[in-house]
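Inside the fold
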Amino acid sequence: MKMVKLATGAEIPAIGIGTYRLRGADAERVVYDAVRIGYRHIDTASVYQNEQYVGAAIRRLIAEGVVARHELFVTTKVSPKFMGYDKTQACVAQSLRDLGLNYVDLMLVHWPGTQGLRSDDPAQKANRIGSLRALADGFAAGHLKAVGVSNFNPAHFDGIESFPVHVNQFEFHPLLFTAETQALMQFCAAKNIAIEAYTCLGEGTLLNATEFPEVAAVAASAGCTKAQVLIAWALQHGCIVMPKASSVERLRENLDANKVVLTADHVATIDAIVRRVGRRKFCWDPSTIA
(Lines give C-alpha, C1' and ligand atoms only; values in the text may rest on other atoms or scores of the structure.)
Protein backbone atom coordinates (compact mmCIF):
# COMPACT_ATOMS: atom_id res chain seq x y z
CA MET A 1 0.00 0.00 0.00
CA LYS A 2 1.24 3.46 -0.88
CA MET A 3 1.64 5.61 2.21
CA VAL A 4 1.63 9.39 2.70
CA LYS A 5 3.68 10.88 5.52
CA LEU A 6 2.00 13.59 7.55
CA ALA A 7 3.79 16.52 9.16
CA THR A 8 3.44 14.62 12.47
CA GLY A 9 5.67 11.87 11.08
CA ALA A 10 2.78 9.39 11.00
CA GLU A 11 2.08 7.50 7.80
CA ILE A 12 -1.43 7.31 6.41
CA PRO A 13 -2.53 4.64 3.90
CA ALA A 14 -3.14 6.38 0.57
CA ILE A 15 -6.35 4.43 -0.13
CA GLY A 16 -9.01 4.35 2.54
CA ILE A 17 -12.63 3.28 2.80
CA GLY A 18 -15.16 6.09 2.85
CA THR A 19 -18.38 5.50 4.81
CA TYR A 20 -20.58 8.39 3.67
CA ARG A 21 -24.22 7.28 3.26
CA LEU A 22 -23.56 3.97 5.02
CA ARG A 23 -25.97 3.43 7.90
CA GLY A 24 -26.36 0.95 10.70
CA ALA A 25 -25.43 -2.64 10.04
CA ASP A 26 -24.31 -1.75 6.49
CA ALA A 27 -21.61 0.55 7.88
CA GLU A 28 -20.41 -2.14 10.28
CA ARG A 29 -20.39 -4.79 7.53
CA VAL A 30 -18.50 -2.68 4.99
CA VAL A 31 -15.80 -1.62 7.47
CA TYR A 32 -15.43 -5.21 8.70
CA ASP A 33 -15.11 -6.56 5.15
CA ALA A 34 -12.78 -3.75 4.08
CA VAL A 35 -10.27 -4.35 6.86
CA ARG A 36 -10.36 -8.11 6.34
CA ILE A 37 -9.33 -7.68 2.68
CA GLY A 38 -6.55 -5.22 3.42
CA TYR A 39 -7.82 -1.70 4.06
CA ARG A 40 -6.18 0.03 7.00
CA HIS A 41 -7.63 3.53 6.67
CA ILE A 42 -11.26 4.18 7.65
CA ASP A 43 -13.02 7.53 7.14
CA THR A 44 -16.20 8.46 8.98
CA ALA A 45 -17.77 11.64 10.40
CA SER A 46 -20.14 12.79 13.10
CA VAL A 47 -22.61 13.95 10.46
CA TYR A 48 -22.69 10.48 8.83
CA GLN A 49 -24.39 9.12 11.98
CA ASN A 50 -22.52 5.83 11.71
CA GLU A 51 -19.61 6.21 14.14
CA GLN A 52 -21.10 3.67 16.57
CA TYR A 53 -21.26 1.04 13.82
CA VAL A 54 -17.81 1.86 12.45
CA GLY A 55 -16.45 1.56 15.98
CA ALA A 56 -18.24 -1.74 16.52
CA ALA A 57 -16.57 -3.17 13.41
CA ILE A 58 -13.16 -1.96 14.56
CA ARG A 59 -13.53 -3.42 18.03
CA ARG A 60 -14.76 -6.72 16.57
CA LEU A 61 -11.77 -6.91 14.20
CA ILE A 62 -9.36 -6.24 17.06
CA ALA A 63 -11.07 -8.81 19.31
CA GLU A 64 -10.83 -11.43 16.56
CA GLY A 65 -7.13 -10.73 16.07
CA VAL A 66 -7.56 -9.59 12.46
CA VAL A 67 -5.77 -6.35 13.15
CA ALA A 68 -4.24 -4.42 16.05
CA ARG A 69 -5.45 -0.92 16.84
CA HIS A 70 -2.11 0.67 15.95
CA GLU A 71 -2.34 -0.84 12.46
CA LEU A 72 -5.51 1.13 11.68
CA PHE A 73 -5.80 4.79 10.71
CA VAL A 74 -9.20 6.10 11.80
CA THR A 75 -10.47 9.50 10.63
CA THR A 76 -13.59 11.29 11.79
CA LYS A 77 -14.89 14.85 11.52
CA VAL A 78 -16.52 17.65 13.50
CA SER A 79 -20.09 18.32 12.33
CA PRO A 80 -20.90 21.84 11.02
CA LYS A 81 -23.42 22.21 13.84
CA PHE A 82 -20.63 21.86 16.42
CA MET A 83 -18.40 24.72 15.30
CA GLY A 84 -16.73 26.88 17.94
CA TYR A 85 -14.40 25.92 20.77
CA ASP A 86 -16.82 24.47 23.33
CA LYS A 87 -19.05 22.67 20.82
CA THR A 88 -16.07 21.18 19.02
CA GLN A 89 -14.65 19.87 22.28
CA ALA A 90 -18.02 18.25 22.97
CA CYS A 91 -18.13 16.79 19.45
CA VAL A 92 -14.65 15.26 19.83
CA ALA A 93 -15.64 13.67 23.14
CA GLN A 94 -18.86 12.32 21.63
CA SER A 95 -17.06 10.86 18.60
CA LEU A 96 -14.58 9.06 20.83
CA ARG A 97 -17.47 7.64 22.88
CA ASP A 98 -19.45 6.61 19.80
CA LEU A 99 -16.43 4.97 18.19
CA GLY A 100 -15.46 3.34 21.47
CA LEU A 101 -11.84 4.38 20.99
CA ASN A 102 -9.31 6.13 23.23
CA TYR A 103 -8.00 8.17 20.33
CA VAL A 104 -8.54 8.82 16.64
CA ASP A 105 -5.69 9.09 14.18
CA LEU A 106 -7.11 12.15 12.45
CA MET A 107 -9.89 14.60 13.32
CA LEU A 108 -11.03 17.10 10.72
CA VAL A 109 -13.25 20.18 10.82
CA HIS A 110 -15.76 18.95 8.25
CA TRP A 111 -16.81 22.31 6.82
CA PRO A 112 -15.58 25.92 7.11
CA GLY A 113 -19.05 27.17 7.99
CA THR A 114 -21.39 26.82 10.96
CA GLN A 115 -24.77 25.20 10.41
CA GLY A 116 -27.57 27.72 10.90
CA LEU A 117 -25.46 30.84 10.26
CA ARG A 118 -25.64 32.93 7.11
CA SER A 119 -22.68 32.23 4.86
CA ASP A 120 -21.43 35.83 5.26
CA ASP A 121 -21.89 36.02 9.04
CA PRO A 122 -18.68 37.29 10.73
CA ALA A 123 -19.10 34.54 13.32
CA GLN A 124 -18.11 32.00 10.66
CA LYS A 125 -14.45 32.92 10.96
CA ALA A 126 -14.56 33.20 14.76
CA ASN A 127 -16.10 29.72 15.01
CA ARG A 128 -13.49 28.26 12.66
CA ILE A 129 -10.75 29.64 14.85
CA GLY A 130 -12.43 28.25 17.96
CA SER A 131 -12.81 24.82 16.39
CA LEU A 132 -9.17 24.66 15.32
CA ARG A 133 -8.12 25.75 18.81
CA ALA A 134 -10.16 22.88 20.27
CA LEU A 135 -8.55 20.39 17.87
CA ALA A 136 -5.11 21.77 18.74
CA ASP A 137 -5.85 21.10 22.40
CA GLY A 138 -6.99 17.56 21.58
CA PHE A 139 -3.82 17.02 19.57
CA ALA A 140 -1.66 18.26 22.45
CA ALA A 141 -3.53 15.94 24.85
CA GLY A 142 -3.00 12.94 22.59
CA HIS A 143 -6.68 12.13 21.95
CA LEU A 144 -6.20 13.24 18.35
CA LYS A 145 -3.00 11.98 16.71
CA ALA A 146 -3.38 14.43 13.81
CA VAL A 147 -5.82 17.22 13.01
CA GLY A 148 -6.97 19.02 9.92
CA VAL A 149 -9.78 20.49 7.89
CA SER A 150 -12.14 19.53 5.11
CA ASN A 151 -13.51 21.67 2.26
CA PHE A 152 -11.28 24.62 3.19
CA ASN A 153 -10.17 27.07 0.51
CA PRO A 154 -7.06 29.23 1.08
CA ALA A 155 -9.21 32.09 2.43
CA HIS A 156 -10.49 29.85 5.22
CA PHE A 157 -6.98 29.48 6.65
CA ASP A 158 -6.96 33.15 7.67
CA GLY A 159 -6.70 33.31 11.47
CA ILE A 160 -5.76 29.66 12.03
CA GLU A 161 -2.12 29.93 10.99
CA SER A 162 -0.88 29.21 14.52
CA PHE A 163 -2.81 25.93 14.82
CA PRO A 164 -1.65 22.56 13.46
CA VAL A 165 -3.35 21.55 10.21
CA HIS A 166 -2.01 18.25 8.90
CA VAL A 167 -4.64 17.41 6.26
CA ASN A 168 -7.14 19.17 3.99
CA GLN A 169 -9.82 16.87 2.56
CA PHE A 170 -11.81 18.18 -0.40
CA GLU A 171 -13.61 17.11 -3.55
CA PHE A 172 -11.12 16.20 -6.27
CA HIS A 173 -11.56 14.43 -9.60
CA PRO A 174 -10.71 15.19 -13.25
CA LEU A 175 -13.62 17.63 -13.64
CA LEU A 176 -12.10 19.74 -10.86
CA PHE A 177 -8.55 19.68 -12.19
CA THR A 178 -8.78 23.43 -12.69
CA ALA A 179 -6.33 26.27 -12.09
CA GLU A 180 -8.22 27.07 -8.88
CA THR A 181 -7.89 23.53 -7.52
CA GLN A 182 -4.26 23.28 -8.57
CA ALA A 183 -3.60 26.55 -6.70
CA LEU A 184 -5.26 25.07 -3.59
CA MET A 185 -3.08 21.97 -3.89
CA GLN A 186 0.04 24.11 -4.19
CA PHE A 187 -1.09 26.17 -1.18
CA CYS A 188 -1.41 22.97 0.89
CA ALA A 189 1.93 21.61 -0.33
CA ALA A 190 3.68 24.82 0.69
CA LYS A 191 2.29 24.40 4.22
CA ASN A 192 3.10 20.66 4.38
CA ILE A 193 -0.60 19.85 4.49
CA ALA A 194 -1.50 16.46 3.02
CA ILE A 195 -4.41 16.35 0.56
CA GLU A 196 -7.26 13.88 0.79
CA ALA A 197 -9.58 13.49 -2.21
CA TYR A 198 -13.24 12.56 -1.92
CA THR A 199 -15.76 11.92 -4.72
CA CYS A 200 -12.83 10.78 -6.84
CA LEU A 201 -15.19 8.91 -9.19
CA GLY A 202 -17.42 11.96 -9.65
CA GLU A 203 -20.36 10.17 -7.99
CA GLY A 204 -19.97 7.52 -10.70
CA THR A 205 -20.48 9.99 -13.53
CA LEU A 206 -16.88 9.68 -14.71
CA LEU A 207 -17.38 5.95 -15.29
CA ASN A 208 -19.70 6.71 -18.23
CA ALA A 209 -17.64 5.63 -21.24
CA THR A 210 -19.84 7.55 -23.70
CA GLU A 211 -19.44 10.88 -21.93
CA PHE A 212 -15.83 10.28 -20.84
CA PRO A 213 -14.14 8.06 -23.44
CA GLU A 214 -10.72 9.16 -22.20
CA VAL A 215 -11.17 7.22 -18.96
CA ALA A 216 -12.22 4.08 -20.83
CA ALA A 217 -9.30 4.42 -23.26
CA VAL A 218 -6.74 4.75 -20.45
CA ALA A 219 -8.31 1.78 -18.64
CA ALA A 220 -7.93 -0.36 -21.77
CA SER A 221 -4.34 0.78 -22.25
CA ALA A 222 -3.36 0.26 -18.60
CA GLY A 223 -5.19 -3.05 -18.26
CA CYS A 224 -7.41 -1.98 -15.38
CA THR A 225 -10.94 -0.76 -14.67
CA LYS A 226 -12.22 2.78 -15.14
CA ALA A 227 -12.60 3.22 -11.38
CA GLN A 228 -9.00 2.13 -10.89
CA VAL A 229 -7.86 4.70 -13.47
CA LEU A 230 -9.53 7.52 -11.54
CA ILE A 231 -8.17 6.38 -8.19
CA ALA A 232 -4.66 5.87 -9.58
CA TRP A 233 -4.83 9.29 -11.26
CA ALA A 234 -5.57 10.98 -7.91
CA LEU A 235 -2.81 8.96 -6.23
CA GLN A 236 -0.32 10.12 -8.85
CA HIS A 237 -1.30 13.71 -8.09
CA GLY A 238 -0.18 13.06 -4.50
CA CYS A 239 -3.62 12.60 -2.96
CA ILE A 240 -4.90 10.27 -0.31
CA VAL A 241 -8.08 8.79 -1.81
CA MET A 242 -11.30 7.78 -0.06
CA PRO A 243 -13.49 5.89 -2.57
CA LYS A 244 -16.79 4.46 -1.37
CA ALA A 245 -17.94 0.88 -2.02
CA SER A 246 -20.31 -1.57 -0.37
CA SER A 247 -19.61 -4.94 -1.99
CA VAL A 248 -16.47 -6.97 -1.39
CA GLU A 249 -15.84 -7.04 -5.14
CA ARG A 250 -15.86 -3.25 -5.43
CA LEU A 251 -13.81 -2.90 -2.25
CA ARG A 252 -11.14 -5.13 -3.78
CA GLU A 253 -11.30 -3.33 -7.11
CA ASN A 254 -10.72 0.04 -5.47
CA LEU A 255 -7.91 -1.23 -3.25
CA ASP A 256 -6.16 -2.84 -6.23
CA ALA A 257 -5.87 0.61 -7.83
CA ASN A 258 -2.79 0.79 -5.61
CA LYS A 259 -1.10 -1.57 -8.10
CA VAL A 260 -2.05 0.37 -11.25
CA VAL A 261 0.76 2.23 -13.02
CA LEU A 262 -0.29 5.12 -15.24
CA THR A 263 2.17 6.58 -17.73
CA ALA A 264 2.77 10.31 -18.05
CA ASP A 265 0.63 10.21 -21.21
CA HIS A 266 -2.18 8.49 -19.31
CA VAL A 267 -2.12 11.16 -16.61
CA ALA A 268 -2.02 13.97 -19.20
CA THR A 269 -5.03 12.44 -20.97
CA ILE A 270 -7.09 12.47 -17.78
CA ASP A 271 -5.80 15.93 -16.85
CA ALA A 272 -7.19 17.29 -20.13
CA ILE A 273 -10.79 16.12 -19.67
CA VAL A 274 -11.84 19.27 -17.84
CA ARG A 275 -10.67 21.41 -20.75
CA ARG A 276 -13.05 19.52 -23.04
CA VAL A 277 -16.17 19.31 -20.87
CA GLY A 278 -15.67 22.10 -18.31
CA ARG A 279 -15.67 22.24 -14.53
CA ARG A 280 -18.24 20.21 -12.65
CA LYS A 281 -18.75 19.92 -8.90
CA PHE A 282 -20.86 17.18 -7.33
CA CYS A 283 -20.77 18.12 -3.64
CA TRP A 284 -21.12 21.19 -1.45
CA ASP A 285 -19.26 24.33 -2.50
CA PRO A 286 -17.35 26.18 0.27
CA SER A 287 -16.53 29.23 -1.84
CA THR A 288 -19.51 31.21 -0.44
CA ILE A 289 -18.49 30.76 3.21
CA ALA A 290 -16.91 33.94 4.59
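Think of each chain on its own: its residues are numbered from 1, step by step along the sequence as written. Where totals are concerned, whole chains, interfaces and linings use all residues; where local detail is concerned, this predicted model gives features only for residues with pLDDT of at least 70, and gives and counts side-chain atom pairs only at 80 or more. Note that water and hydrogens are dropped before the side-chain values are worked out from all heavy atoms of the structure.

An unreviewed UniProt entry annotates the chain as Aldo-keto reductase of Achlya hypogyna. UniProt positions are given in the numbering used here, feature names are shortened, and annotations may be inferred rather than shown by experiment. Of the chain, the UniProt comment under Sequence similarities (unreviewed entry) reads exactly: "Belongs to the aldo/keto reductase family."

1. Points about the packing of helix H6 (residues 213-222) against helix H7 (residues 226-236)
One way to put it is that H6 packs onto H7 with a least axis distance of 8 Å and a crossing angle of 95 degrees. For the element pair H6 / H7, the angle class is roughly perpendicular. Residues Val215, Ala216, Val218 and Ala219 of H6 pack against Lys226, Val229 and Leu230 of H7. Residue polarity is assigned by list, with Asp, Glu, Lys and Arg as charged and Ala, Val, Leu, Ile, Met, Phe, Trp, Tyr, Cys and Pro as nonpolar; anything else, Gly included, falls into the polar class. Broken down by class, the residue content of the contact of H6 with H7 amounts to six nonpolar, no polar and one charged. Where helices are involved, their axes are fitted lines through C-alpha atoms of the stretch in contact, as for all axes, and angles between N-to-C directions lie from 0 to 180°. Elements are defined by DSSP. Helices are runs of H or I of four residues or more, strands are runs of E of two residues or more, and each kind is numbered from the N terminus. When an angle is under 35 degrees it counts as roughly parallel; over 145 it counts as roughly antiparallel; between 65 and 115 it counts as roughly perpendicular; any other value is oblique. Two residues form a contact once any of their heavy atoms are found within 4.5 Å.

2. Notes on the environment of leucine 255
The residue leucine 255 is located in helix H8 (residues 248-255) in this model. For leucine 255, the contacting residues outside a window of four places in its chain are Met1, Ile15, Ile37, Gly38 and Tyr39.

3. Some words on the UniProt feature "active site" (unreviewed entry) in the chain
Sites flagged by UniProt as "active site" (unreviewed entry) map to Tyr48. By secondary structure assignment, the location of tyrosine 48 is in the loop between strand S4 (41-43) and helix H2 (51-63). Other than its neighbours up to four places away in sequence, tyrosine 48 contacts Thr19, Tyr20, Leu22, Arg23, Asp43, Lys77 and His110.

4. Here's the deal with the sheet that holds S4
Strands are treated as partners if at least two bridges between them are detected by DSSP. The strand order across the open sheet formed by eight strands is S3-S4-S5-S6-S7-S8-S9-S10, and the pairing between neighbours is parallel. Across the chains shown, the open sheet's two edge strands, defined by having one partner strand only, are strand S3 (17-18) and strand S10 (240-241). Two elements, strand S7 (residues 147-150) and strand S8 (residues 167-171), share three bridges in a ladder whose sense is parallel. Pairing of serine 150 across the sheet is with glutamine 169, part of S8.

5. Structural notes on the packing of aromatic side chains
Side-chain rings of Phe, Tyr and Trp (the six-membered ring for Trp) are treated as a pair once their centres are within 6.5 Å; stacked means planes under 30 degrees apart, edge-to-face means over 60, and tilted covers the remaining angles. With the rule as written, the count across this model stands at seven aromatic pairs. Ring plane angle 45 degrees and centroid distance 5.4 Å describe the contact between tyrosine 20 and tyrosine 48, whose orientation is recorded as tilted. On the criterion of sequence distance, the pair formed by tyrosine 20 in the loop between S3 and helix H1 (24-36) and tyrosine 48 in the loop between S4 and H2 is long-range, its members being 28 residues apart. You can call tyrosine 20 partly exposed: its relative accessible area is 38%. Type-normalised accessible area, obtained with a 1.4 Å probe on protein chains alone, sets the label of each residue: buried when under 20%, exposed when over 50%, and partly exposed for intermediate values.

6. As for H8
Considered for burial, the residues of H8 that qualify are Leu251, Asn254 and Leu255. Taken around the axis of H8, the buried residues stretch over an arc of 95 degrees, which confines them to a single face. For H8, the secondary structure elements touched by its buried residues are S3, H1 and H7. The directions considered for the arc are those from the helix axis to the C-beta atoms.

7. Focus on the pairing of strand S5 (residues 73-78)
Burial runs high along S5: six of the six residues are buried. Sheet topology note: the S4/S5 ladder contains three bridges and is parallel. Each bridged residue has a counterpart across the sheet, and for histidine 41 the counterpart in S5 is phenylalanine 73. Crossover S4 to S5 through H2 is right-handed. Classification remark: right-handed applies to a crossover when, strands pointing away from the viewer, the course from the first strand over the helix to the second runs clockwise.

8. A look at the UniProt feature "binding site: substrate" (unreviewed entry) in the chain
Under the feature "binding site: substrate" (unreviewed entry), the UniProt entry names His110. Turning to its location among the elements, histidine 110 is positioned in the loop between strand S6 (106-109) and helix H4 (123-141). Those residues in contact with histidine 110 that sit more than four places away from it in its chain are Ala45, Val47, Tyr48, Lys77, Val78, Pro80, Ser150, Asn151 and Trp284.

9. Details of H1
One less than the number of residues in a helix, times 1.5 Å, gives the span that helix is expected to have. With 13 residues, H1 should cover 18 Å at 1.5 Å per step; its first-to-last C-alpha distance of 19 Å lies within 8% of that length. Considered for burial, the residues of H1 that qualify are Gly24, Ala27, Val30, Val31, Tyr32, Asp33, Ala34 and Val35. Tucked inside the fold, the buried residues of H1 contact S3, S4, H2 and H8. Glycine 38 lies just past H1 and shows a positive phi near 130 degrees.

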